[in-house]
Amino acid sequence: MKILLLGEYSNVHWTLAEGLRSLGHTVCVASNGDFWKNYRRDISLVRKYTKSGGICYLLKTYSLLPKFRGYDIVQLINPMFLELKAERIAPIYRYLKKHNKKVFLGAFGMDAYWVEACTDTPYRFRYSDFNIGNTKITNSYAAEQEADWKGTAKAKLNRDIANDCNGIIAGLYEYYAAYHERHREKLTYIPFPVEPDKSVVQYYSPERKIRFFIGIQKERSIYKGTDIMLRALERLAHDYPGECEILKAESVPFEQYAQMIDDCDILLDQLYGYSPAMNALLAMSKGKIAMGGAEEECYDILGEKELRPMMNVTPDEEDVYNKLKWFIDNKTQIARMQQQSIEFVNKHHHPVKVAKEYLEFWCR
């Protein structure tokens, strides 16, 4: 088949494309590389934020539209799959729908359905980016996202595409749950694809310090919970200076980020999640332990009954600190969990296995 993947989050589309290509399909990835992460793509859709950047980007996009027709499958990373206002994206979506056989929507990140699920009471999740129990989170980032996605042109675009498209693919349990109430007939869950790491894995040896790695996006630190995780991690390093060390990255390109993961034992990521996202899965493919969102729901949706390679934490600094300290008290368990990490990713997230699931859903 001929497949167009539009947009990028955390290398999902490029990795999926590689799996599809290995199965003999023709795939084009058109994206902005997910901003500063600069992931690979076939067609670059980078917008320059200069005085004339918006009109230049719009003209470039329209000039590319003839290349975005005649596909068997078009998949959108998000309803906001281009760096344009929702009102400008809407006619482009209609063009794609008209000139291609099928169009699918990815539920892979922030959108109107996710914001609604996290902000409308009663809350659907025990905790999220927007609530902890029955308490609403009131940081500026959460407030901005709620204002951005509720009762706006972006929300209308999201709902129009969800109603009109041929199907919706959720990449995490959370996003599946957010869409399920309204779109269960056209919704499926497919795990994110992660390329197996072919390097020789160096498992942790209890004789040395534990290396904890945390990646920080400055503008999203509070939203992702890395502020809480970092405080707990710094407390641990202060209390046990001879037992652990902190590796920290701040808004670095993907290639550099991936290299930094190689030097750690345990990655801290996504405090408010129920499931491991792409950064955590990348680390696990390298034989690292992911510490973050790993609730039982994420294992249940995969049908996984045995492997438990991740360390789940709740959005509470004391819980994070105590789970970090568990590793210091149980060093002999680290290598076993690292081995399970590789087994888990290979079992559920291999790009070819995931690509086959996409093909089955697209062609149903």
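The paragraphs below set out a description of the structure included in this document. Only a predicted model underlies this, so the values are computations on that prediction, with no experimental measurement involved.

## Some remarks on the overall build of the protein chain
Looking only at helices and strands, the protein chain features 15 helices and 14 strands. C-alpha atoms of the protein chain, sized along the principal axes, occupy 60 × 45 × 45 Å. Here the protein chain holds 364 residues, and 58% of them are scored as buried. Contacts in the protein chain between residues at least 24 apart in sequence constitute 69% of all its contacts with a sequence separation of at least 6. Accessible area for the protein chain stands at about 15,600 Å²; split by element, carbon and sulfur atoms hold 50% of it.

## Side note on the environment of Leu267
Relative to the elements of secondary structure, Leu267 occurs in strand β12 (residues 266–269). For Leu267, a relative accessible area of 0% corresponds to the buried category. The spacing of Leu267 and Asn131 is 136 residues in sequence and 24 Å in space, taken between C-alpha atoms.

## Let's talk about the nonpolar core
Counting residues in each nonpolar core, the largest one holds 132 residues, and the members touching the most others are Leu6, Leu76, Phe212, Phe327 and Trp362. Leaving out residues up to four positions away in the same chain, Phe212 has contacts with Leu233, Leu236, Cys244, Glu245, Ile246, Leu247, Ile266, Leu268, Leu324 and Phe327.

## Some words on the side chain of Asn78
Residue position: Asn78 is located in the loop between β4 (73–76) and α3 (86–99). Excluding residues within four positions of it along the chain, Asn78 makes contact with Tyr9, Leu105, Gly106, Met110, Asp111 and Trp149.

## Points about the sheet that holds strand β9 (residues 187–189)
Read across the sheet, seven strands follow the order β3-β2-β1-β4-β5-β8-β9 without closing on themselves; strand pairing throughout is parallel. The strands lining the two open edges of the sheet, one partner per strand, are β3 (43–44) and β9. As defined by bridge partners, strand β1 (residues 2–6) adjoins β4 across four bridges and the pair is classed as parallel. Counted as the bridge partner of Leu6 is Leu76 from β4. Against the sheet, helix α1 (residues 12–22) contacts β1, β2 (26–31) and β4, and its axis sits at roughly 170° relative to β2.

## Structural notes on a nonpolar patch on the surface
Among the surface-exposed residues, Phe35, Trp36 and Tyr49 lie close enough to one another that they form a single nonpolar patch of about 360 Å² accessible area. Relative to the assigned elements, Tyr49 resides in the loop between β3 and α2 (53–64).

## A short note on the sheet that holds strand β10 (residues 210–216)
Here five strands make up an open sheet; going across it, the order is β11-β10-β12-β13-β14 and the pairing parallel. Here the strands that pair on one side only, and so sit at the sheet edges, are β11 (244–250) and β14 (311–312). Judged from the seven bridges that link them, β10 and β11 form a sheet pairing that is parallel. Within the sheet, the bridge partner assigned to Ile214 lies in β11 and is Lys248. Sheet strands touched by helix α10 (residues 254–261): β10, β11 and β12. Its angle to β10, the strand with the most contacts, is close to 160°. Lying on the sheet, helix α11 (residues 278–285) is in contact with β12 and β13 (289–292); it crosses β12 at an angle near 175°.

## Structural notes on the environment of Glu8
Structurally, Glu8 can be placed in the loop between β1 and α1. When the C-alpha atoms of Glu8 and Ala30 are compared, they prove to be 8.1 Å apart, with 22 residues separating the residues in sequence. A polar contact is formed between the side chain of Glu8 and the backbone nitrogen of His13, at a distance of 2.9 Å. In terms of polar contacts, Glu8 uses its side chain to reach the backbone amide nitrogen of Trp14, at 3.1 Å.

So, how was this worked out
Residues numbered from 1 in each chain as written. Predicted model: local features only at pLDDT ≥ 70, side-chain atom pairs only at ≥ 80, totals over all residues. Heavy atoms only, no water. Helix = DSSP H or I, 4+ residues; strand = E, 2+ residues; numbered from the N terminus. Buried < 20%, exposed > 50% of the residue type's maximum accessible area, 1.4 Å probe, protein only. Contact = heavy atoms within 4.5 Å. Areas by Shrake-Rupley, 256 points an atom, 1.4 Å probe, with all protein chains shown as cover. Core = buried A, V, L, I, M, F, W, Y, C linked by side-chain atoms within 4.5 Å. Pairing = 2+ DSSP bridges. Axes fitted to C-alpha atoms, helices over the stretch in contact; angles between N-to-C directions. Patch = residues over 30% accessible without salt bridge, like charges linked within 9 Å, V, L, I, M, F, W, Y side chains within 5 Å. Salt bridge = Lys/Arg side-chain N within 4 Å of Asp/Glu carboxyl O. Polar contact = N/O pair within 3.5 Å; in protein donor to acceptor, adjacent residues only side chain to side chain.

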